[in-house]
Amino acid sequence: MTAPAPSFTERLRALPAVDAVLTSPAATPLLERHGRAATTAAMRAALETARAAIRAGADAPATPADLAAAAAKLLETQARPSLQPVFNLTGTVLHTNLGRAILAEEAIEAAVAAMRQAVTLEYDPAAGRRGERDDHVRALLCDLTGAEDATVVNNNAAAVLLVLNTLAAGRESIVSRGELIEIGGAFRMPDIMARAGTLLVEVGTTNRTHPKDYAGAIGPQTGLVVKVHTSNYRIEGFTKEVPARELADLAHAQGVPLFHDLGSGTLCDLARYGLGHEPTVRECVADGADLVTFSGDKLLGGPQTGFIVGRKDLIAAINKNPMKRALRVDKIRLAALEATLKLYADPDRLAQRLPTLRLLARTAPDLEAAALRLAPVVAALLGPHVTVSTCACRSQIGSGALPTETLDSHALSLRPEGGGGALDALAARLRALPVPVIGRMEDGALLLDLRCLEDEAAFLAALRAAEPPHGLA
Ligand SMILES: *Cc1c(COP(=O)(O)O)cnc(C)c1O
């Protein structure tokens, strides 16, 4: 004869009290690591889950050790940062959703130092009085771009807003209909203009804008002629745009400044590193733009920042705009930025030291070798139900630089048995790893583009870290 099974009530009553779990030996390391408040809350949650399971007729952890283990799991999940490192194997080097540029070690060290200590953010130690934030990078930016003056703000969207608001609020800004861009979601040129308080005057057509279109629109109400780099698309076919230099001459003849929003912009000729030619900031300045804006975390390879470079009198006006204060950068990014800009003084080693350029410059044979090296190891980790092969593919620069140009790359191609549903499930399992692995779907396979994978050992370790007992296989 077996004893009758304990009733729900008996089993519920047998659960230990929160205090009993908290004082059990299993709770000590949790209390040390997570503190009393969080540990108590997790114990309560574990107990509540156990009660619900018992009421539903299921077995539930009942000893203090069981409950502490359940609480530990909960606490680990909560302790994991929301902003997680990931392996970006999407093939898009400057991926806005994955944080764009990866910083150079020099920039990281500078940022860390600035976080640890008081710094001369707005202080001139030689004179013993107040200095300016921009002083740390102004000369570097002027040297690198040929501009008279420069200032730095939160991002390029802020730079554009500030230029328009300072120089064209209550007046007109003239833009070609071919350049009224939207950059991902909330950045649309017409909306920014409205918020800046300037009246958008569209000229030309989507595919063709002529000098006479601008000339006919410039008048006493004109604050700025605006040229916008079509960062994320190309208009091809029967097209005409007015080159920057000609537009500058045209604007200057009427006494109106030309503002060029370059978007990504670059400080060096990318052709030197085997990439297509993207207009450099220096070229833009030399072509007569009175102000040029560009991003710090696109091709430049630095922290999120936006630059305004150009005429001294116009930059002085911008610095007097109270909005500048609302859009300024902090000491951490400024430190990283200064270190990043200093790397440009040595173009020969730039492609080694600046991760963005290093990743963009990786060659197809180098990436193919990586794919051949990794494929058998990854195949073993994924088990017999996933076919792992290598394939040629195309990477993108991303963030609106050279939008129509792609780079020869190589990928691991993962195809699970069972098609679509299994493919989505595999992608989800890779995304659920402690360090998520993010690939892209292409032609019924999950591609892991290896262009941005530099630490292969860390990648393999991440795959091995899949939850036991089944692992990824
Ligand atoms: C990317 C881009 C912006 C916005 O720059 P952020 O640094 O993302 O704020 C503005 N204009 C152009 C042309 C761009 O390419």
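Residues numbered from 1 in each chain as written. Predicted model: local features only at pLDDT ≥ 70, side-chain atom pairs only at ≥ 80, totals over all residues. Heavy atoms only, no water.

## Digging into the packing of helix α7 (residues 138-145) against helix α15 (residues 331-343)
Here is step 1 of the chain: Taken N-terminus to C-terminus, the directions of α7 and α15 make an angle of 30 degrees; their axes are 10 Å apart at the nearest point. The handedness of the crossing between α7 and α15 is left-handed. Touching L140, L141 and L144 of α7 are E338, L341 and K342, all from α15.
Here is step 2 of the chain: Of the residues belonging to the contact of α7 with α15, the class tally is four nonpolar, no polar and two charged. (Axes fitted to C-alpha atoms, helices over the stretch in contact; angles between N-to-C directions. Helix = DSSP H or I, 4+ residues; strand = E, 2+ residues; numbered from the N terminus. Left-handed = near helix turned anticlockwise from the far one by under 90°. Contact = heavy atoms within 4.5 Å. Nonpolar A, V, L, I, M, F, W, Y, C, P; charged D, E, K, R; others polar.)

## Side note on the packing of aromatic side chains
Here is step 1 of the chain: Under the counting rule described, the total for this entry stands at two aromatic pairs.
Here is step 2 of the chain: The ring of F238 is capped by R208, whose NZ or CZ atom sits 3.8 Å from the centre of that ring. (Phe/Tyr/Trp six-rings, centres within 6.5 Å; stacked < 30°, edge-to-face > 60°. Lys NZ or Arg CZ within 6 Å of the ring centre and 35° of its normal.)

## What about the site of the ligand?
Here is step 1 of the chain: The environment of the ligand is made up of 13 residues, and the closest members are A157, S231, D261, S295 and K298.
Here is step 2 of the chain: Within the side chain of R100, one N or O atom sits 2.9 Å away from an oxygen atom of the ligand.
Here is step 3 of the chain: Contact distances for the ligand include 2.8 Å between an oxygen atom and a side-chain N or O atom of K298.
Here is step 4 of the chain: Taken by itself the ligand offers 380 Å² of open surface, and the protein chains cover 94% of this.
Here is step 5 of the chain: Going through the elements one at a time, α8 (156-168) and β10 (258-263) are the ones with two or more residues in the shell around the ligand. (Near = heavy atom within 4 Å. Polar contact = N/O pair within 3.5 Å; in protein donor to acceptor, adjacent residues only side chain to side chain. Areas by Shrake-Rupley, 256 points an atom, 1.4 Å probe, with all protein chains shown as cover.)

## Concerning the pairing of strand β4 (residues 149-153)
For a regular strand, side-chain orientation follows a simple rule: the groups alternate between the two sheet faces.
Here is step 1 of the chain: Along β4, five of the five residues are buried, which leaves the element largely enclosed by surrounding structure.
Here is step 2 of the chain: Burial along β4 is two-sided: D149, T151 and V153 facing one way and A150 and V152 facing the other are all buried.
Here is step 3 of the chain: Note: β4 against strand β12 (residues 306-310), five bridges, orientation antiparallel. Each residue of the ladder has a partner; that of V152, found in β12, is F307. (Buried < 20%, exposed > 50% of the residue type's maximum accessible area, 1.4 Å probe, protein only. Pairing = 2+ DSSP bridges.)

## Side note on the state of the cysteines
Here is step 1 of the chain: Counted by the stated rule, this structure contains zero disulfides.
Here is step 2 of the chain: Unpaired in this structure, C284 has its nearest cysteine sulfur neighbour in C268, at a distance of 15 Å.
Here is step 3 of the chain: The exposure class assigned to C284 is buried, which follows from its relative accessible area of 5%.
Here is step 4 of the chain: For C452, which is in no disulfide, the shortest distance to another cysteine sulfur is to C393 and amounts to 11 Å.
Here is step 5 of the chain: The class of C452 is buried, set by a relative accessible area of 16%. (Disulfide = S-S within 2.5 Å.)

## Quick look at the sheet that holds strand β8 (residues 199-203)
Here is step 1 of the chain: Read across the open sheet, the seven strands follow the order β4-β12-β11-β10-β9-β5-β8; overall the sheet is mixed. What marks the edges here is a single partner per strand, and that holds for β4 and β8. Geometrically, the sheet is characterised by an average inter-axis angle of 25 degrees between neighbouring strands, direction not taken into account.
Here is step 2 of the chain: In this fold α7 packs onto β4, β11 (291-295) and β12, with an angle of close to 120 degrees to the strand it touches most, β4.

## Some points on the domain arrangement of the protein
Here is step 1 of the chain: Segmenting the protein into domains produces domain 1 (8-79), domain 2 (87-96 + 359-464) and domain 3 (105-353).
Here is step 2 of the chain: Computed over C-alpha atoms, the centres of domain 1 and domain 3 are 56 Å apart. (Domains from an automatic or database assignment.)

## Observations concerning the sheet that holds strand β16 (residues 440-442)
Here is step 1 of the chain: Pairing is antiparallel across the open sheet formed by four strands, whose spatial order is β13-β14-β17-β16. Taken across any chain shown, the strands that pair with only one partner, and hence form the sheet edges, are β13 (386-396) and β16. The mean angle between the axes of side-by-side strands here comes to 40 degrees, regardless of whether they run parallel or antiparallel.
Here is step 2 of the chain: Across four bridges, the pairing between strand β14 (residues 406-416) and strand β17 (residues 445-449) is antiparallel. Bridge pairing links L414 to L446 in β17.

## Some remarks on the environment of G274
Here is step 1 of the chain: With respect to the helices and strands, G274 occurs in the loop between β10 and α12 (281-286).
Here is step 2 of the chain: Measuring from C-alpha to C-alpha, the distance between G274 and R362 comes to 9.4 Å, with 88 residues separating the pair along the chain.

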